[in-house]
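# Chain and residue survey
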Amino acid sequence: MTRWIVLAIPVGGIAEANTEARTVTEIEGTSEEATAALLHAAHTYTHTRWKVRRREIYQCSDRSYLLRLQGRTGKYNYLVQLAELVHDSAEEPVSRPIA
């Protein structure tokens, strides 16, 4: 099974002390399962906004959405993106016999 993560990356908007990308969820499964988790994250992610008054979701690609949240005190934008693990140095590589 393939490993995936869903990231929420702050974009523009009001400057905050914490502007780093956050891992929203980690998935081990098919591409379809990962895409479903991405869409779920776009519909539910709030970061630390405790009262979201409005949520706008714009599809940028098959693996990313722009999420615009309007809270009580301001507007916040996040790029919610799906990433597939393509290499992990902690895992043993599959050795192939020399033919």
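Structure: see above.
These remarks concern the structure in this document. (Residues numbered from 1 in each chain as written. Predicted model: local features only at pLDDT ≥ 70, side-chain atom pairs only at ≥ 80, totals over all residues. Heavy atoms only, no water.)

### Let's talk about the sheet that holds strand S1 (residues 2-10)
If you trace the five strands from one edge of the open sheet to the other, you get S2-S1-S5-S4-S3, paired in antiparallel fashion. Lying at the two open borders of the sheet, with one neighbouring strand each, are strand S2 (22-29) and strand S3 (54-61). Neighbour-to-neighbour, the strand axes of the sheet open up by a mean angle of 20°, direction not taken into account. When S1 meets strand S5 (residues 75-84), the two strands line up antiparallel, connected through seven bridges. Within the sheet, the bridge partner assigned to Trp4 lies in S5 and is Glu84. Packing of helix H1 (residues 31-44) onto the sheet brings it into contact with S1, S2, S3, strand S4 (64-70) and S5, and relative to S5 it is tilted by some 170°. (Pairing = 2+ DSSP bridges. Helix = DSSP H or I, 4+ residues; strand = E, 2+ residues; numbered from the N terminus. Axes fitted to C-alpha atoms, helices over the stretch in contact; angles between N-to-C directions. Contact = heavy atoms within 4.5 Å.)

### Thoughts on the pairing of S1
Taken together, the seven bridges between S1 and S2 define a ladder with antiparallel strand orientation. Residue pairing for S2: Trp4 is matched across the bridge by Ile27.

### Some points on the pairing of S3
Here S3 pairs with S4 via seven bridges, running antiparallel. Within S4, the residue paired with Ile57 across the bridge is Leu67. Between S3 and S4, which follow one another and run antiparallel, lie two residues.

Fair warning: the whole summary comes from geometry, so function is off the table for now.
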